[in-house]
Each structure stands twice: as C-alpha cells, then as structure tokens.
Amino acid sequence: MMLKKLKNHSVLLGLIVTAASMLVCFALTWIFFREDVFVRMQKYLFDCGVDVMGAFTCAALYYGTMKQEGEGAKAFRTLTVMVSASFVVNALMYYTISLPGKGGYSFAFVMLSKLLDLAMIYFFYQYVKITLDFRGKLARWADKGLPVLLSLQTLIILFNIIYPITFMVDVNGNYQSTGFFIAEDVFLIISSVIATILIIRSQNPRNQKAAALTFIFLPLMNYVMTLGEFGNASNYGMILMSLIVMYCIIFNYNSSKLSSTQAELGVAREIQASMLPSIFPAFPNRDEFDLCASMDPAKEVGGDFYDFFMIDDDHLAVVIADVSGKGVPAALFMMISRTIIQNFATLGISAAEILNKANASLCTQNKMEMFVTAWIGILELSTGRMTCANAGHEYPAIYRNGKFSLFKDRHGFVLGGMEGLRYRDYEILLRKGDKIFVYTDGVPEAKNVNSEMFGTDRMIAALNTAGTADPKETLRIVRASVDEFVGVAKQFDDLTMLCLEYRGADV
C-alpha cells in the first residue's frame, strides 16, 4: 500500500538509507563503550555523539520531505542522503583510527569520506540551482564545467590508492596529509566560489540567499577554527545546521508557494471541469441516443476536451480533441479551441466546414505555435447518418454486428498547424444498437512501469468485453482495463473518452 502512495520507489529507498545510517551510528556508540575500545576512542566520543545526532536529524529531515514533489525536493533529499552517509563514514573512520594493523579499513573510510564531500557540494549546487533559479553565462558554464571538474577531482582522490598524492594512512590507521593536500580541494573551492556568486546574483529574497550561503560559510568557518583538521565531526555538524536552515527557509518557503499555486490550479481545474458537460444522462428526454464522456487530466488541468450539444432538434454534434502539450498553456488553448468549434458548429454547416473555419481562426496570431487534434461528428437522429471529419485525431471505434473495431477514417492535418487547409467529410450510417467510441491518445499510450503502452489492441479487447453495455458502463470497463494495465505507474497524459449509442428514431 505504501508503494502505491509513493510515486517514486527511490524515495522509499532514500528513507531506508537514512534510517540505516541512523541505526549504524547508534550501534557504533555502544561499541565505543567497550573497555578496550573506550581507552582508544574516549577523545573521539564527542565527535561520535555528533555523528549519531546528525544521522538521526537527517532521517527526520528526509522523512519530512518524502511527500514533497518536484526537482527541488528530489535534490534536497539526495543532499540529505549524502550528509547522512557522511556521518556514518565519519563514525566508522574514528572507530578505525589508531587501530593496530587495520590501516586498510581506515584508509577506505577516509577515501569514502573525501568522495562524499565532493558529492555533497555537487548536490548542494544542484539544489540551490533549482530552488534559486540560476541563470546567465556563469550558470551555463557551471552546468557544463562542474561535472567535468568533479570527475577530475575524483580521479585525483582515487589515485591515492596507488600513490599518496594528497594523504596517507599508516598500518595503524593514523591519517597524515601530504604537501599537495590542496589538490584534493580544487573542486570544493571552485564550486563553492561559483555557487556563492550565483546565489548572490539570483533574484531571490535575502533570507533565502543567506540560508543557502550557510552551507558554504559555516563549514568554512569551522574548518579555519580547527586549523584544517580533516574529518572533524563538528564540520559535518555545521553542514547539518545548514541543511536545517535551508529546510526551514528555502524549502518551506517554496513549499508554501507551491501550495498556493496548487490551490489556484485546483480552482482552475474546477473551472475547466465545469465547462465540460458532465451530467449524465445528458439528454434524458431524448430516446434516440445515449452517451457518456469522461476526462481525467494528467496534471491539475489538461489539454483534452470533449463536447456534445444539439445543433437543432434533429442533429447532435459530438466533439473530442487533444491540444499539444500539458498543463496550464494547453488548458487555455483547449478552452479557446472548444469555444471556436462550438460557435461554428451552431451555424448548421458540415463537419468539415466547421474544422475549416476553426483552423483559420486558430492559425490567427498563434504565436505559441500550439495545435489541436480534433474529431467531430454530426448525427442526424432521424436517420442515423453521421457526418464526420478528422483533424489528425485518433481513429474512432465502432460497435456493430456484436463487436467493436477501429474505423480507419481519412485524417486531415491538425488544427492551428497550417493556414489554408481544407478538411473533408465522410459518413457513417449508424443502425439501432450501434455505438461509436472516440478517445484521445492518452488511452492507447498509457504506460505501465515497464514503459509498455496499453495500445489500441487492448483498448478494442476492453471494448468488446463491455459488449452491449450502455455508454457509461463501457467507459468504466475501458478505464478499469487501463488502470489494471498501468498499475502504480504515474499517469503520463490526459485520458479522455466518449461513447455514443444510437438507439434509433422509432424507440
């Protein structure tokens, strides 16, 4: 159940890592109080206490951000995992210091600690870049140059395995830096300077800038105060304090902004939903037909839409469409497109002519170069004759003679894509009991966790499972089939369906 609530399994993995870090640090404190260990380790007990507190706090911070979405939250959680791991490695490093004959263990933990320091500053840069929105030439250079510099710095540190360039650890676990120790800090220095400049230049409130800068300057102050002592737990304690400050100021500020935005998007979703006909049966006084439709956006608002309305007493118009893109821009273009198509449809002209006029209108001042695929059908209720036109939309599925099958109609180009296009009508003759099912590409292109698509074959199979069911039940069966196939995977695209059943004029 928990996995279904978590939209990304890596979030759960991160919680496990931070919780494990906390338990490891806690377990090490008990080892330190063994008599033989205490004699050797008593001067490091304060540092080990800081490590335990730090690991506990990291686990709490990670847990507090688990339900937050977005790249900023993801970067913050990654940074938290790096800091948590640093506390564990630091505690293990202290445990192996001066341990007779165990210098190899101490060397491994020292090496891992230095690599984690590089990872921490890199993921810190990624976090502040996202949350403070770095821009300009320096930001573009840093995005390209820092990964290269990080790789080179990693190689320098790893080379100590072969030859002690920047540090050495003797057989008893005693650490000593060499005269070239500064070579392992090149990435830390350059990335910190660049990050500082970009933070100061960013267009953000001063409190957010100050909060971000603590990650650089608090550890630096501690480093100077301890005369550059490597692996000092108080240095990681300063990093932890910076995490807490950034969480309280930047992360929570952005979360509150996001909550406000989500509230506004929630209102937008309600407005969009209210624009689409949603009361079924839609025409309880008309016995010639029955229909049902649904639209589930992938985001708060979507670009799909459907529509149906009586043009006159004998003609029913049915429309389904899919705007390029997602989110708010698609939703705005969707509302414009729906209004234009509906206005032209009420003129009593053919389906193709409606698309001709709609395309001309949408091409006018379409600076965003958005487009919409659309299918429209005008059903003459007295005869069952349906005049249709298709502007780059999915093939409709038709139920007759006891089964559904795709009707591969003639496609025109998308609406809003090119001026001067001419669309063509085609006819479908519906008999009593026939149904027509139209949909957007969110149905066949729905993906499961293995990135497999639902596909039109599974869609047709689901429709045939519905068989003689009414339109509402038909949509429910198709949606249930899509949901079963997709499983826990996140909905990628808007999912819109409409089913119309013709019952005949003599019902």
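The shown structure was predicted, so the numbers you read here are calculated from the model rather than taken from an experiment. (Residues numbered from 1 in each chain as written. Predicted model: local features only at pLDDT ≥ 70, side-chain atom pairs only at ≥ 80, totals over all residues. Heavy atoms only, no water.)

Asks: Please explain the overall build of the protein chain as it appears in this structure.
Replies: Helix and strand counts for the protein chain come out as 14 helices and 12 strands. Each of the 507 residues in the protein chain was classed as buried or not, and the buried ones make up 49%. Excluding contacts between residues fewer than 6 apart, the proportion of contacts in the protein chain whose partners are at least 24 apart in sequence is 74%. On the protein chain, roughly 24700 Å² of surface is accessible, and the fraction owed to carbon and sulfur atoms is 61%. (Helix = DSSP H or I, 4+ residues; strand = E, 2+ residues; numbered from the N terminus. Buried < 20%, exposed > 50% of the residue type's maximum accessible area, 1.4 Å probe, protein only. Contact = heavy atoms within 4.5 Å. Areas by Shrake-Rupley, 256 points an atom, 1.4 Å probe, with all protein chains shown as cover.)

Asks: Would you mind going over the environment of S382 with me for this structure?
Replies: Looking at the element boundaries, S382 is found in the loop between β6 (372–380) and β7 (385–391). With relative accessibility at 42%, the residue S382 sits in the partly exposed group. Expressed as a C-alpha distance, the spacing of S382 and A505, which sit 123 residues apart in the sequence, is 5.1 Å. Excluding residues that lie within four positions of it along the chain, S382 makes contacts with D314, Y502 and A505. Of the polar contacts made by the side chain of S382, one reaches the side chain of D314; its length is 2.9 Å. (Polar contact = N/O pair within 3.5 Å; in protein donor to acceptor, adjacent residues only side chain to side chain.)

Asks: What am I meant to see in a nonpolar patch on the surface here?
Replies: Among the surface-exposed residues, W141, F181, I182, V186, I189, I190, V193, I197 and Y223 lie close enough to one another that they form a single nonpolar patch of about 760 Å² accessible area. In terms of residues, the nonpolar patch owes the most to one element, helix α8 (residues 186–201), which gives five residues. By the secondary structure assignment, I189 is in helix α8. Exposure remark for I189: the relative accessible area of 44% places this residue in the partly exposed category. (Patch = residues over 30% accessible without salt bridge, like charges linked within 9 Å, V, L, I, M, F, W, Y side chains within 5 Å. Salt bridge = Lys/Arg side-chain N within 4 Å of Asp/Glu carboxyl O.)

Asks: How should I be thinking about the pairing of strand β11 (residues 435–439) in this particular structure?
Replies: Two faces make up the sheet, and in a regular strand the side chains alternate between them. Within β11, five of the five residues are buried, leaving the element largely enclosed by the surrounding structure. Note that strand β8 (residues 397–400) and β11 share three bridges and pair antiparallel. Bridge pairing in β11 links A397 to F437. Pairing geometry for β11 and strand β12 (residues 495–502), over five bridges, is antiparallel. Among the inter-strand pairings, I436 is bridged to a residue of β12, identified as L500. (Pairing = 2+ DSSP bridges.)

Asks: Could you clarify how one ought to interpret helix α5 (residues 71–96) in this entry?
Replies: One turn of the α-helix equals 3.6 residues, which is why residues spaced by three or four share an orientation. Under the 1.5 Å per step criterion, the end-to-end length of α5 is 38 Å for 26 residues, consistent within 8% with the ideal 38 Å. A large share of α5 lies buried, amounting to 21 of its 26 residues. (Expected span 1.5 Å × (residues − 1).)

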